[in-house]
Amino acid sequence: MASWSRLTYHKRLFIGLVVYSWLLVGCFAGFQYYREKKFKIVELNAQLQVINDRLLDEFDKNPEGFRLSMLPPNPFDELRVSIMTSDGKIIYDNILDSLPTASHLGREEIARALNTGTGFAVRRHSSTTGETYFYSAKSGDRYIVRTAVPYSSPLELLLKADYGFVWFMIAVTVIMCVIGYLVTRRLGQNLSRLSSFAESAEKGERIYDTEPFPHDELGEISNHIVRLYARLQQAITDRDREHRAAINEEQEKIRIKKQLTNNINHELKTPVAAMQVCLETLVEHKNLSPEKRDEFIMRCYVENQRLRSLLADVALITRMEEGGSVIAREEVNLTEVIDDVCDELAPAAATRGLVIVNGVDREIAMQGNSSLLFSVFKNLIDNAIVHSGGSRVEINLAADSADYVILTVADDGRGVAENELPRLFERFYRVDKGRSRQAGGTGLGLSIVKNAILWHGGEVSVTNRREGGLVFKIRLPKI
């Protein structure tokens, strides 16, 4: 058993295949021998039955003057003929000098002949020479005829099976063994490769063998294992990289929080300082003309509105990030939301010579929050009105299915530098900081857009149009 286990899988498989093949050939050969031998016996019995028919005819015609020489020649040199009555008593035998008085009804071939009309049997004749005979009997109306031939070498040759089939099977088996050896050797080589791979994988070594396995079941399994291990190695590498990235991200979050605090502080200081200057001027110079007084009051009003917008935007972003689960979801008609935004911003767009084109002419129903969706499209269109420098803003429906909807908001303005596109959704990020503040922007509009779309489970992206301007692509799930 130990020596067997030391054999390679290829050799064990090949030995098993050889044993199985030869067992199969042996079974086929045994079956073929039995079938052919039975066929030869039936064929011999049929030849003897023809002789039995003639004997019955001749004996019925002339029982007293019957002679065996009256029959035509037959292929058997030592043919023994016995004729008996229906009670088993022999009345003619061409071999015996004296007829036996005992009944032969107990003989196998006679009993079958009486039951079915014909019968045969093979047995040793112990009373005379001790030779083995083949007996064939036939029952007539009054008599029973039994013929017998020695079961000698010529007869055995006659009864032997046709070994051509067996030799053919042996040849096929040899060919199968050769082919099996080639196949199992190839299989063994693949298993050796897989075993070497497993050893390397157990040691945690990098696998650089990229040669694919054969396109069969084992090859597919092996390829899957190799790919799985490669993914595992990649996953470990990615884990380590992500761990380092997480540390860096945590440090970056700390930095961003400090920066965000500084930005909010700065953004709040600007309108507060402006209002402080205006109020101090009004308090200290009570003799200002009505026109100047109204100008300083209007500046305070504008800065106060800016401060309110800033606080509202910060509160909205905080609410989405920290309390998104408490924002109500309801069935929203997105088409009506877009119509309301376009109607509200149309006058402001007209004052800047800009046209809003609403191409959403199909009713879109979805689950969401109408206030957040209103803020999304208001910020996008307002951003185009104030900062694009173009003459046209278009809202179009790019795709509408049972599961999602895709809309685009595009302008024909000057666009943005490619290196600045990824930062447009950052809080307080301004492409042109001075002009943005003068226009009254808080720097939080596009950040609100991104957070509101994420709250709805959607996606938003921005690219420059080839013909000029920006295009925002929004994908929103309906459910």
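Structural data are supplied above this passage.
Here is a short report on the structure shown in this document. (Residues numbered from 1 in each chain as written. Predicted model: local features only at pLDDT ≥ 70, side-chain atom pairs only at ≥ 80, totals over all residues. Heavy atoms only, no water.)

**Let's talk about the overall build of the chain**
- Across its full length, the chain carries 11 helices and 12 strands.
- In the chain, which comprises 479 residues, the share counted as buried stands at 35%.
- Considering only residue pairs separated by 6 or more positions, the chain has 63% of its internal contacts joining residues 24 or more positions apart.
- Total accessible area on the chain is roughly 29,200 Å²; 55% of this is exposed by carbon and sulfur atoms. (Helix = DSSP H or I, 4+ residues; strand = E, 2+ residues; numbered from the N terminus. Buried < 20%, exposed > 50% of the residue type's maximum accessible area, 1.4 Å probe, protein only. Contact = heavy atoms within 4.5 Å. Areas by Shrake-Rupley, 256 points an atom, 1.4 Å probe, with all protein chains shown as cover.)

**Some remarks on the pairing of strand β5 (residues 143-150)**
- Counting buried positions along β5 yields eight of eight residues, so the element is predominantly enclosed.
- On β5, burial covers both faces: Tyr143, Val145, Thr147 and Val149 on one face and Ile144, Arg146, Ala148 and Pro150 on the other are all buried.
- Summarising the sheet, strand β4 (residues 132-139) and β5 pair through seven bridges and their orientation is antiparallel. Paired with Ser139 across the two strands is Ile144, which belongs to β5.
- Adjacent in sequence and paired antiparallel, β4 and β5 are bridged by three residues. (Pairing = 2+ DSSP bridges.)

**A few points about the sheet that holds strand β2 (residues 90-93)**
- The sheet built from five strands is open, its strands ordered β2-β1-β5-β4-β3 with antiparallel pairing. Two strands lie at the open edges of the sheet, namely β2 and β3 (118-124), each paired on one side alone. For this sheet the average axis-to-axis angle between neighbouring strands, irrespective of direction, equals 20°.
- Pairing geometry for strand β1 (residues 80-85) and β5, over six bridges, is antiparallel. The residue bridging Ser82 from the neighbouring strand is Arg146, located in β5.
- In this fold helix α3 (residues 108-116) packs onto β1, β3, β4 and β5, with an angle of close to 175° to the strand it touches most, β3. (Axes fitted to C-alpha atoms, helices over the stretch in contact; angles between N-to-C directions.)

**What to know about the packing of aromatic side chains**
- Considering all chains together, one arrives at three aromatic pairs under this definition.
- Plain terms: the ring middles of Phe59 and Tyr143 are 4.8 Å apart, the flat faces sit at 85° to each other, and that makes the pair edge-to-face. Linking Phe59 in helix α2 (residues 9-61) with Tyr143 in strand β5, this pair joins segments that are 84 residues apart in sequence.
- Note on Phe59: relative accessible area 5%, which makes it buried.
- Among the residues examined, Tyr143 registers a relative accessible area of 13% and is labelled buried.
- Lying across the ring of Phe120, Arg112 places its NZ or CZ 5.8 Å from the centre.
- Over the face of the ring belonging to Tyr404 we find Arg475, whose NZ or CZ atom lies 4.1 Å from the ring centre. (Phe/Tyr/Trp six-rings, centres within 6.5 Å; stacked < 30°, edge-to-face > 60°. Lys NZ or Arg CZ within 6 Å of the ring centre and 35° of its normal.)

Any functional reading would require information beyond the geometric quantities listed.
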